[in-house]
Amino acid sequence: MNFASDNVYGVSAQVMDALRESNEGPSGTYGGDAHTKRAETMIDDVFETGVSTFLVTTGTAANALSLAAITPSYRAVLCHHEAHVHVDECGSIEFQTGGSKVLVLEGDDAKIDIPALERTFGEVGQRMPHQIGAASLSLTQASEFGTVYSLDEIAAICDLAHAYGLKVHMDGARFANALVALGCTAAEMTWKAGVDVLSFGATKNGAMALDAALFFDAVDAESFPFRRLRSGQLWSKGRFLGAQMCGYLENGLWLDNARQANAMAAKLSEGLVEIGGVRLSCPCQANEMFPVLPRAMHERLQASGAVYYEWPGAGPKGPGLVGGDEVLARLITSFEATDEQVGAFLALARDAAQ
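Just so it is clear, the model here is predicted, and its values are computed rather than measured.

Draft legend 1. Looking closely at the overall build of the protein chain. Looking only at helices and strands, the protein chain features 13 helices and 12 strands. In terms of overall size, the protein chain behaves like a compact globule, its C-alpha atoms giving a radius of gyration of 21 Å where 354 residues would be expected to give roughly 20 Å. Over its C-alpha atoms, taken along the principal directions, the protein chain stretches across nearly 60 × 60 × 30 Å. Here the protein chain holds 354 residues, and the buried ones make up 54% of them. As presented, the protein chain carries roughly 14,500 Å² of accessible surface, and 50% of it is formed by carbon and sulfur atoms. Positive and negative side-chain charges in the protein chain, numbering 25 and 43 respectively, have mean positions lying 4 Å apart.

Pasting the structure below:
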């Protein structure tokens, strides 16, 4: 019953098999190997276009380096105030860009509010060079609260950002979970909607250590090879990143994993709502949920071995969401979550509610 994160579970068997296979014999180095080349071709196929693909080991590297490639040091990155790039990456954006500023936006459920974005464009960069102007916008799909932008919402944000001369970056740490939730194609959720750069996450969804920076315009990627090497993210034995990506994409594993995680999240969130005294603070649209639990139930669950986070802060809709005898919890289901695990958690919750 460990729902602390989709990082707590291991590697999909198919990805591990691909790693074992790639371990045989000599291979090209620094990405010049057959596994990496095949991975790049597979990504082109998935996204239905030629993509400038750069494999890295972490989502933070993918986010910070890709944003640095499109954001000069004297400009700003716009993002939601709950965005991982702002809250949880130790100033990596500012570090990798050489000093750019991160400006935050409002919006319920960790999604950028378009009227708030319009107001920001009316306020930012009006007195340059004395006031910093924005160069890029980062949106998170699925969001930090497990909600999902619709295709129309993505397109509207991209159109507005492009109208003001900004590039759009998508933090896709849980990209596959959002994709299967929408039932669309990878192309439709990215470049066809206006996204310029994607951090394509695989680690949370069955890989060992693998994310990628994907540029849909090669011009935007010109500095990335240098940034990747200077940051220590260019592996000499790059075949082990390429092999992970091949295993991840082969036979639709990445989508199957996401469907399993999402299905278990839906079962868990629906089961919790049926229990008296429990409510969801925002919709569960992917594999992450934020229920408000009675404190007594929370203490009983954790004492019985359930693992999840009591979440800090005001929650997806701001102050007033959680009462004094309640707890805002975060639960995340992984590709390895099972009906048995979810059932055991719900049984404990029902017992605690009686």
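Moving on, there is more to tell.
Draft legend 2. Layout of the sheet that holds strand β5 (residues 167–172). Taken in spatial order, the 7 strands make up an open sheet running β1-β7-β6-β5-β4-β2-β3, and their pairing is mixed. Looking at which strands have only one partner, the edges of the open sheet turn out to be β1 (52–56) and β3 (101–105). Sheet twist, expressed as the mean angle between neighbouring strand axes with direction ignored, is 20°. Bridge analysis of strand β4 (residues 133–140) against β5 gives 5 bridges, and the strand direction is parallel. The partner of Ser136 across the bridge, within β5, is Lys167. Contacts from helix α2 (residues 34–47) reach β1, β6 (197–201) and β7 (211–215) within the one sheet, and its direction differs from that of β1 by about 125°.

Draft legend 3. Structural context of the packing of aromatic side chains. This model, assessed by the stated rule, comprises 16 aromatic pairs. Measuring from centroid to centroid gives 5.6 Å for Phe200 and Trp254, while their planes differ by 80°, and the two rings are edge-to-face. Remark: Trp254 occurs in helix α11 (residues 253–273) and Phe200 occurs in strand β6; sequence separation between them is 54 residues. Trp254 matches Phe200 in its accessibility class, with the two residues each being buried. By way of ring pairs, the aromatic residues Phe47, Phe175, Phe200, Phe216, Tyr248 and Trp254 are connected into one cluster.

Draft legend 4. Spotlight on empty space enclosed by the protein. Summed over the entire model, instances satisfying the criterion amount to 1 cavity of 30 Å³ or more. Each pocket or cavity is described by its volume, and for the largest cavity that value is around 30 Å³. Lining the largest cavity, in full, are His80, Glu82, Ala83, Ala110, Ile112, Ser138, Leu139, Thr140, Glu144 and Tyr149. Of the residues in the lining of the largest cavity, the class split is 5 nonpolar, 3 polar and 2 charged.

Draft legend 5. Focus on unusual backbone geometry. With omega at 0°, the peptide bond leading from Gln141 into Ala142 counts as cis. Of note, Ala142 is situated in the loop between β4 and α7 (151–163). Phi at Ala110 takes a positive value of approximately 65°, unusual for a residue other than glycine. Within the secondary structure, Ala110 sits in the loop between β3 and α6 (114–123). Exposure remark for Ala110: the relative accessible area of 6% places this residue in the buried category.

Draft legend 6. The pattern of salt bridges, seen in detail. In the structure shown here, the tally under the stated rule is 12 salt bridges. Between Asp256 and Arg259 there is a salt bridge whose closest N-O contact spans 3.0 Å. In this pair, Asp256 and Arg259 are both assigned in helix α11, 3 residues apart and thus about one turn of the helix distant. The class of Asp256 is partly exposed, set by a relative accessible area of 42%.

Draft legend 7. Spotlight on the layout of surface pockets. Counted as a void, the largest pocket has a volume near 370 Å³. Taken together, 20 residues form the lining of the largest pocket, with His84, Asp88, Glu144, Trp311 and Arg330 sitting closest to its centre. Residue composition of the lining of the largest pocket, by class: 7 nonpolar, 5 polar and 8 charged. Of the voids in this model, the second largest pocket is the one considered here, and its volume is about 190 Å³. If you tally residues by element for the lining of the second largest pocket, the top one is helix α3 (residues 59–70), at 3 residues.

Draft legend 8. Broad picture of the environment of Ser73. Its place among the elements puts Ser73 in the loop between α3 and β2 (75–80). The exposure class assigned to Ser73 is partly exposed, which follows from its relative accessible area of 34%. Note: C-alpha distance between Ser73 and Ala213 (140 residues apart in sequence) is 20 Å.

Conventions used here
Residues numbered from 1 in each chain as written. Predicted model: local features only at pLDDT ≥ 70, side-chain atom pairs only at ≥ 80, totals over all residues. Heavy atoms only, no water. Helix = DSSP H or I, 4+ residues; strand = E, 2+ residues; numbered from the N terminus. Rg over C-alpha atoms; globule rule 2.2 N^0.38 Å. Buried < 20%, exposed > 50% of the residue type's maximum accessible area, 1.4 Å probe, protein only. Areas by Shrake-Rupley, 256 points an atom, 1.4 Å probe, with all protein chains shown as cover. Lys, Arg positive; Asp, Glu negative; His and termini not counted. Charge placed at Lys NZ, Arg CZ, Asp CG, Glu CD. Pairing = 2+ DSSP bridges. Axes fitted to C-alpha atoms, helices over the stretch in contact; angles between N-to-C directions. Contact = heavy atoms within 4.5 Å. Phe/Tyr/Trp six-rings, centres within 6.5 Å; stacked < 30°, edge-to-face > 60°. 1 Å grid on protein atoms, 1.4 Å probe; cavity = no way out; pocket = protein on both sides within 12 Å on 5 of 7 lines; lining within 4 Å. Points joined across faces, edges and corners; volume = space filled by probe spheres on them. Nonpolar A, V, L, I, M, F, W, Y, C, P; charged D, E, K, R; others polar. Salt bridge = Lys/Arg side-chain N within 4 Å of Asp/Glu carboxyl O.

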